[in-house]
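Here are the chains, one letter per residue:
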Amino acid sequence: MPDTATQIRVQPGEPRIQTDGIKWVMNPYDEFALEEGLRLKERFGGEVVVVALGPTRVEEAIRQGLAMGADRAVHIVTDAATDLDPWTVAQALAQACQAEGYDLIFTGKQAVDDDQAQVGPLVAVALGLPQITVVIQLTVDPEGRRVRAERELEGASEIVEAPMPVVITAQRGLNEPRYPTLPNIMKAKRKEVKAVPFADLGIQSSPLVRVESLTLPPARPAAKILTGDPAETARELARLLHEEAHVI
Amino acid sequence: MARGILVATNQNGGRVRRVAYEMVSLAQTLAPGAVTALTFGAEAEKTAPELGRFGADQVVALNAPPYQQYSSDGFALAVQAVVERLDPEAVFFPATAWGKDLAPRVAGLLKAGLASDCIEVHRREDGRLGAVRPVYAGKAFATVAIESPRALFSIRPNIQAVTTHDRAGALLDVNLDVDASQFQAVVVDVKAQASDKPELTEADIIVSGGRGIKAAENFRVLEDLADALGAALGSSRPVADEGWVPHSYHIGQTGKVVSPTVYFAVGISGAIQHLAGISGSKYIVAINNDPDAPIFKAANYGIVGDLFQVVPALAAEIRRIKQEA
Ligand SMILES: Cc1cc2nc3c(=O)[nH]c(=O)nc-3n(C[C@H](O)[C@H](O)[C@H](O)COP(=O)(O)OP(=O)(O)OC[C@H]3O[C@@H](n4cnc5c(N)ncnc54)[C@H](O)[C@@H]3O)c2cc1C
Ligand SMILES: Nc1ncnc2c1ncn2[C@@H]1O[C@H](COP(=O)(O)O)[C@@H](O)[C@H]1O
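Residues numbered from 1 in each chain as written. Chains lettered and ligands numbered in written order. Predicted model: local features only at pLDDT ≥ 70, side-chain atom pairs only at ≥ 80, totals over all residues. Heavy atoms only, no water.

Colleague: Any chance you could explain the layout of surface pockets here in plain terms?
Modeller: If you roll a probe as big as a water molecule over the atoms, it shows you where there is empty space left. Quantified by volume, the second largest pocket comes out at close to 1,500 Å³. In this structure, the second largest pocket is lined by 46 residues; those nearest its centre are Leu153, Glu154 and Ala156 of chain A together with Asn12 and Arg17 of chain B. In terms of residues, the lining of the second largest pocket owes the most to one element, strand E13 (residues 186–192) of chain B, which gives four residues. The two domains that each donate at least three residues to the lining of the second largest pocket are domain 1 (5–182) and domain 2 (200–324) of chain B. (1 Å grid on protein atoms, 1.4 Å probe; cavity = no way out; pocket = protein on both sides within 12 Å on 5 of 7 lines; lining within 4 Å. Points joined across faces, edges and corners; volume = space filled by probe spheres on them. Helix = DSSP H or I, 4+ residues; strand = E, 2+ residues; numbered from the N terminus. Domains from an automatic or database assignment.)

Right, here's the structure in full:
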């Protein structure tokens, strides 16, 4: 996805953004997801496989994942012109998970480009697995094949227990993702990335949700900026909020 | 043909969040056909009169023991069963932790298109329902069409006025063929955080602090303003990262996306990731001692000044106005 510092511009007349000059990065929530997988591997052994779907540019994120410590990766390659909807993405990811095998599946709680927060649960349904979303704390019992997770609610949190395998979607606070070190970046270059053309999966890509148009937020009218004595400006601001904006 | 709208909502001891009333009000303005509210848990039936008042023609209250502890997979099966029984044109969920957990699960079971976190749902010219939803955390807005026969939406709190429709809110008994012993992910405990403040994503007014507040203990200055306004408290990311406030305060592209009537950005510079999360605010008020801070370009009102002088004066002024009113 585009770096969060990106100023979004819309391709005129089309329901998508202008992509020239954009720096592409791993979704921030996916860093928490991957980090949790790596920590479990360090504790209990096993293998961490990164699965990503998208055009050639997602190789960047895949390399970052491998440099953080993932063992190998599967890249489901799509063509750059089409943005797939969450349903389609989830079917493809679920197929790859099925092919690779899993004890746990981690995704981000949402992608901070389309902000759908759907792909994790949709993968879970496609594979017939339970899910725990927006997880900020996770305990895994590999012998008992169960997990216990804390998930964030509005002004509260809840503890959820589920059998493995389970899909976990990661929220900030779950852990502190590591930075790839230089030696690990070098090592990552030799790790396996399996390329799977999306077309080979036999998934129909007619979307269930179609983006018809994309617009930018309306510009705000020029601000009223007050300067000078703190008490006077505070009084004037309170007056404006009361008499002009009618909000207090 | 599928008709009416099903509104799924959680409740606690017979009380729902305001977003439930917002959703039934919205559904009522859109639906030919009945608006049915679906609630879960002990005392769910008690929600019926109020849900009716704001737009629910009927209420399904799943108050049996299996529905007294939330389970994403279990509740999704129940929603699926209710949908198959009532055949609604659309299903609404609140875009809250509860609804955002459940809605995609139901979408997966029904193979129905879901538009998440919508700020608008409308009737399109072709007669179907469409929606507007923020993308890139509010840096842009997407108008979306749902291509499946049934349309699912999660609705952001605070985007729809609660209106009185005086509907029956009649309790509707449905016998569901759902096997509770198959529920897999089950809530075993809830940790409430003691707070008398409104929740950020539902708050009408938010007072948010940035690195300009300099230290955890200085947050008191903002708490006082929030008290005067009846506002919720928020923060920029670094303030949460420093541990001055809980992570749940963090607003922006990688935190909470908020849409209050008024957003007070105090000692916040206005980085693009922060602005993304507040673009849905009706009014933005900036208080910052740097006249060139980018936040002033995003604001409706601003004061250039030292927050430690301005904020207490503002809190006093607001208390005075409220007293006179
Ligand atoms: C991948 C990524 C994701 C990010 N996501 C988010 C996000 O979701 N949310 C977010 O907020 N940030 C996010 N950031 C960080 C963002 O880029 C900024 O660093 C951050 O928003 C700055 O926080 P701030 O405004 O509190 O601090 P600063 O930029 O340090 O600003 C402090 C402000 O306080 C003012 N000030 C200082 N003293 C006073 C005083 N006495 N009185 C009045 N004003 C005073 C200063 O003039 C300054 O404007 C993200 C960054 C990255 C790289
Ligand atoms: N194209 C993709 N490739 C790999 N993972 C994805 C993709 N799209 C979404 N995801 C995962 O699903 C999460 C939620 O995405 P979304 O439902 O689009 O908000 C992301 O944080 C990712 O972990």
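Colleague: Would you take a moment to explain the site of ligand 1 for this structure?
Modeller: Residue and element names in this part refer to chain B. Close contacts around ligand 1 come from 27 residues, with Arg211, Lys214, Ser236, Ser269 and Asn288 the closest. Asp306 has a polar side-chain atom sitting 2.9 Å from a nitrogen atom of ligand 1. Leu307 has a polar backbone atom sitting 2.9 Å from a nitrogen atom of ligand 1. The fraction of the free accessible surface of ligand 1 (990 Å²) that becomes covered by protein chains is 78%. Of all the secondary-structure elements, those providing two or more residues to the shell around ligand 1 are helix H6 (237–241), helix H7 (272–278) and helix H9 (307–324). (Near = heavy atom within 4 Å. Polar contact = N/O pair within 3.5 Å; in protein donor to acceptor, adjacent residues only side chain to side chain. Areas by Shrake-Rupley, 256 points an atom, 1.4 Å probe, with all protein chains shown as cover.)

Colleague: In this structure, what is going on with the sheet that holds strand E10 (residues 140–146) of chain B? I would like to understand it.
Modeller: The pairing of strands in a sheet comes from backbone hydrogen bonds and takes either a parallel or an antiparallel form. The strand order across the open sheet built from four strands is E9(A)-E10(B)-E9(B)-E8(B), with neighbouring strands paired in antiparallel fashion. For this open sheet the edge positions go to strand E9 (209–215) of chain A together with strand E8 (120–123) of chain B, each flanked by a neighbour on one side alone. Each strand of the sheet is rotated relative to its neighbour by a mean of 30°, with strand direction disregarded. (Pairing = 2+ DSSP bridges. Axes fitted to C-alpha atoms, helices over the stretch in contact; angles between N-to-C directions.)

Colleague: Sorry if this is basic, but what is going on with the site of ligand 2 here?
Modeller: Residues and elements named next belong to chain A. Taken together, 16 residues lie around ligand 2, and Asp30, Leu53, Ala111, Ala117 and Gln118 are the ones closest in. Within the backbone of Gln116, a nitrogen or oxygen atom sits 3.3 Å from an oxygen atom of ligand 2. For ligand 2, an oxygen atom lies 2.8 Å from a polar atom in the backbone of Val119. Across the complex, the protein chains shield 87% of the 480 Å² of accessible surface that ligand 2 would expose by itself. If you tally residues by element for the shell around ligand 2, the top one is strand E1 (residues 49–54), at three residues.

Colleague: Is there a simple way to think about H9 of chain B in this case?
Modeller: Every α-helix winds through 3.6 residues per turn, so residues three or four apart in the chain are directed the same way. The terminal C-alpha atoms of H9 of chain B lie 25 Å apart, and with 18 residues this matches the ideal 26 Å at 1.5 Å per residue to within 8%. The complete set of buried residues in H9 of chain B reads Leu307, Val310, Val311, Leu314, Ala315, Glu317, Ile318 and Ile321 of chain B. The elements touched by buried residues of H9 of chain B are helix H6 (230–244) of chain A together with helix H5 (219–229), strand E16 (262–266), strand E17 (283–288) and strand E18 (301–304) of chain B. Backbone nitrogen of Phe308 of chain B and a side-chain oxygen of the N-cap are separated by 3.0 Å at the start of H9 of chain B; the cap is Asp306 of chain B. (Expected span 1.5 Å × (residues − 1). Buried < 20%, exposed > 50% of the residue type's maximum accessible area, 1.4 Å probe, protein only. Contact = heavy atoms within 4.5 Å.)

Colleague: Is there a simple way to think about the side chain of Ser71 of chain B in this case?
Modeller: Residue and element names in this part refer to chain B. Within the element layout of this structure, Ser71 appears in the loop between strand E5 (58–62) and helix H3 (72–86). Under the relative-accessibility criterion, Ser71 is labelled buried at 0%. A polar contact is formed between the side chain of Ser71 and the backbone nitrogen of Gly74, at a distance of 3.0 Å. Polar side-chain contacts of Ser71 include one of 2.9 Å to the backbone oxygen of Ala185.

Colleague: Looking at this model, I keep getting lost on H3 of chain B. Mind explaining?
Modeller: An ideal rise of 1.5 Å per residue puts 21 Å on 15 residues; H3 of chain B measures up with 21 Å between its terminal C-alpha atoms. The buried fraction of H3 of chain B amounts to 11 of the 15 residues, a majority that puts the element mostly inside the structure. Within H3 of chain B, burial applies to Ser72, Asp73, Gly74, Phe75, Ala76, Ala78, Val79, Gln80, Ala81, Val82 and Val83 of chain B. Elements in contact with the buried residues of H3 of chain B: strand E4 (131–141) of chain A together with strand E1 (5–9), strand E4 (35–40), E5, strand E6 (90–94) and helix H4 (97–110) of chain B.

Colleague: Looking at this structure, how should I read the environment of Gly128 of chain A?
Modeller: Within the secondary structure, Gly128 of chain A is located in the loop between helix H4 (119–127) and E4. Residues Gly128 of chain A and Phe198 of chain A, 70 residues apart in the sequence, show an inter-C-alpha distance of 22 Å.

Colleague: Whenever I open this one, the pattern of salt bridges confuses me. Can you help?
Modeller: When the charged atoms of two side chains lie near each other, side chains of opposite charge can form a pair. Using the criterion set out here, one finds 38 salt bridges over all chains in the structure. In this structure, Glu243 of chain A and Arg239 of chain A form a salt bridge, with 2.9 Å as the shortest nitrogen-oxygen distance. Here Glu243 of chain A pairs with Arg239 of chain A, and both are found in helix H6, just four residues apart, close to one helical turn. Its relative accessible area of 47% is what places Glu243 of chain A among the partly exposed residues. Residue Glu202 of chain B pairs with Arg17 of chain B through a salt bridge whose shortest N-O separation is 2.6 Å. Pair noted here: Glu202 of chain B is in the loop between E13 and strand E14 (205–209) and Arg17 of chain B is in the loop between strand E3 (15–16) and helix H1 (18–30), with a separation of 185 residues, a long-range link. The exposure class of Glu202 of chain B is buried, given its relative accessible area of 19%. (Salt bridge = Lys/Arg side-chain N within 4 Å of Asp/Glu carboxyl O.)

Colleague: What exactly am I supposed to notice about the packing of aromatic side chains here?
Modeller: According to the stated counting rule, one finds 12 aromatic pairs over all chains in the structure shown. Ring centres of Tyr67 of chain B and Phe183 of chain B lie 6.2 Å apart, and the angle between their planes is 55°; this geometry places the pair in the tilted category. Of the two residues, Tyr67 of chain B sits in the loop between E5 and H3 while Phe183 of chain B sits in the loop between strand E12 (170–171) and E13, which places them 116 residues apart along the sequence. Both rings, one in Tyr283 of chain B and one in Tyr301 of chain B, keep their centres 6.2 Å apart while their planes meet at 25°; by these two values the pair is stacked. In this pair, Tyr283 of chain B is assigned in strand E17 and Tyr301 of chain B in strand E18, connecting sequence segments 18 residues apart. By the burial criterion, Tyr283 of chain B is buried, and Tyr301 of chain B matches it. Three or more aromatic residues joined by ring pairs make a cluster, and in this case those are Phe40, Tyr67, Tyr70, Phe75, Trp98 and Phe183 of chain B. Across the ring face of Trp24 of chain A, the terminal group of Arg57 of chain A is positioned such that the distance to the ring centre comes to 3.7 Å. (Phe/Tyr/Trp six-rings, centres within 6.5 Å; stacked < 30°, edge-to-face > 60°. Lys NZ or Arg CZ within 6 Å of the ring centre and 35° of its normal.)

Colleague: For this particular structure, what's the right way to read the packing of helix H1 (residues 28–44) of chain A against helix H2 (residues 59–68) of chain A?
Modeller: The packing of two helices is summarised by the inter-axis angle and the distance between the axes. Residues and elements named next belong to chain A. Close contact between H1 and H2 brings their axes to 10 Å; oriented N to C, the two are set at 30°. Compared by their axis directions, H1 and H2 come out roughly parallel. In this structure, H1 crosses over H2, and the sense of that crossing is right-handed. Of H2, the residues touching H1 (which contributes Glu31, Leu34, Glu35 and Leu38) are Gln64, Gly65 and Met68. Taken together, the residues of the contact of H1 with H2 sort by class into three nonpolar, two polar and two charged. (Parallel < 35°, antiparallel > 145°, perpendicular 65-115°, else oblique. Left-handed = near helix turned anticlockwise from the far one by under 90°. Nonpolar A, V, L, I, M, F, W, Y, C, P; charged D, E, K, R; others polar.)

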